[in-house]
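# Summary of structural features
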Amino acid sequence: SYIAAHGPGEGTVGAYLGLTGSRISTPADALYVGLGTHYVPSANLGTLKEALLATKFSEDPDEEIKQLLTKYSSNPNSEPRLKSLLPRIISTFAGDKSIREILEELEHHQQSTDTLVAEWARDALQG
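Quick notes on the rules
Residues numbered from 1 in each chain as written. Predicted model: local features only at pLDDT ≥ 70, side-chain atom pairs only at ≥ 80, totals over all residues. Heavy atoms only, no water. Patch = residues over 30% accessible without salt bridge, like charges linked within 9 Å, V, L, I, M, F, W, Y side chains within 5 Å. Areas by Shrake-Rupley, 256 points an atom, 1.4 Å probe, with all protein chains shown as cover. Salt bridge = Lys/Arg side-chain N within 4 Å of Asp/Glu carboxyl O. Helix = DSSP H or I, 4+ residues; strand = E, 2+ residues; numbered from the N terminus. Buried < 20%, exposed > 50% of the residue type's maximum accessible area, 1.4 Å probe, protein only. Core = buried A, V, L, I, M, F, W, Y, C linked by side-chain atoms within 4.5 Å. Axes fitted to C-alpha atoms, helices over the stretch in contact; angles between N-to-C directions. Left-handed = near helix turned anticlockwise from the far one by under 90°. Contact = heavy atoms within 4.5 Å. Nonpolar A, V, L, I, M, F, W, Y, C, P; charged D, E, K, R; others polar. Polar contact = N/O pair within 3.5 Å; in protein donor to acceptor, adjacent residues only side chain to side chain. Expected span 1.5 Å × (residues − 1). Arc of directions from axis to C-beta. pLDDT = per-residue confidence, 0-100.

Glancing now at a nonpolar patch on the surface. A cluster of nonpolar residues, Leu19, Ile99 and Leu103, forms a patch on the protein surface that exposes about 270 Å² of accessible area. As for its placement among the helices and strands, Leu103 is situated in helix α7 (residues 99-109). Assessed through its relative accessible area of 38%, Leu103 is described here as partly exposed.

This paragraph deals with the nonpolar core. Val13, Tyr16, Leu82, Ile89, Phe93, Leu106 and Trp120 are the most contacted members of the largest nonpolar core, which totals 16 residues. With five residues, the next largest nonpolar core counts Val40, Ala51, Leu68 and Tyr72 among its residues.

Moving on, we come to the packing of α7 against helix α8 (residues 115-126). Their axes nearest at 8 Å, the elements α7 and α8 cross at an angle of 145 degrees. The chirality of how α7 crosses α8 is left-handed. Along its contact with α7, which presents Leu103, Leu106, Glu107 and His109, the element α8 presents Val117, Ala118, Trp120, Ala121, Ala124 and Leu125. Of the residues contributing to the contact of α7 with α8, the split by class is eight nonpolar, one polar and one charged.

This paragraph deals with the side chain of Thr20. Relative to the elements of secondary structure, Thr20 occurs in helix α2 (residues 12-20). From its side chain, Thr20 meets the backbone oxygen of Tyr16 in a polar contact 2.6 Å long. Within polar-contact distance, the side chain of Thr20 engages the side chain of Ser22 at 2.9 Å.

It is worth spelling out the pattern of salt bridges at this point. Overall, the coordinates contain two salt bridges when judged by the stated rule. The residue Asp62 makes a salt bridge to Lys66 at a minimum N-O spacing of 3.4 Å. A residue pair is termed a helical-turn pair when its members lie 3 or 4 positions apart in one helix, as Asp62 and Lys66 do in helix α5 (residues 61-72) at four residues. Put simply, Glu105 and Lys97 hold a salt bridge, and the shortest N to O gap is 2.5 Å.

Here the focus is the side chain of Thr92. Assignment of secondary structure puts Thr92 in helix α6 (residues 81-92). There is a polar contact of 2.7 Å between the side chain of Thr92 and the backbone oxygen of Arg88. When sequence neighbours within four positions are dropped, the list of residues in contact with Thr92 reads Lys97, Ile102, Glu105, Leu106, His109 and Trp120.

In a regular helix each residue adds 1.5 Å, so twelve residues correspond to 16 Å; α5 covers 17 Å between its end C-alpha atoms and thus fits that length. Among all positions in α5, only Glu64, Leu68 and Tyr72 are buried. Taken around the axis of α5, the buried residues stretch over an arc of 65 degrees, which confines them to a single face. Buried-residue contacts for α5 involve α4 (42-54).

Any residue range with low pLDDT should be treated as having predicted coordinates unsuitable for detailed reading. Here the protein averages 93 in pLDDT, and 100% of its residues register 70 or above. When mean pLDDT is compared element by element in the protein, α7 scores highest at 97, while helix α1 (residues 2-6) scores lowest at 74.

So, about the packing of α6 against α7. Each pair of packed helices can be described by the angle between their axes along with the distance between the axes. Running from N to C, α6 and α7 point in directions that differ by 145 degrees, and their axes come no closer than 9 Å. On α7, the residues touching Arg88, Ser91 and Thr92 of α6 are Ile102, Glu105, Leu106 and His109. Across the contact of α6 with α7, the residue classes break down as two nonpolar, three polar and two charged.

Next comes the structure, spelled out in structure tokens:
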């Protein structure tokens, strides 16, 4: 429900995920839809935990945590897949579309010459 209310595409990403059973499976997509603010690679988690435990928090612990997250985080290794698909997600899963219209549009997208779009539509239809 958070994605539907606050995510990109004015709720269409949430509709897409809910209707197809698709999952947010990459750090880049998780950050893109707002499920997180920082990506901390697994290799940095132990060090981040130690830094958090060693910190003597002041009156503004939120700012200190943000600084630690910034120090130990990095950019994901890939671009968000959902960002490149967002125009298709918006047009296909708009709130005024019936399920029949969504299925028809996905079938149409399956014929796309863009491999990413065709795979996305095929996966969405299977979902």
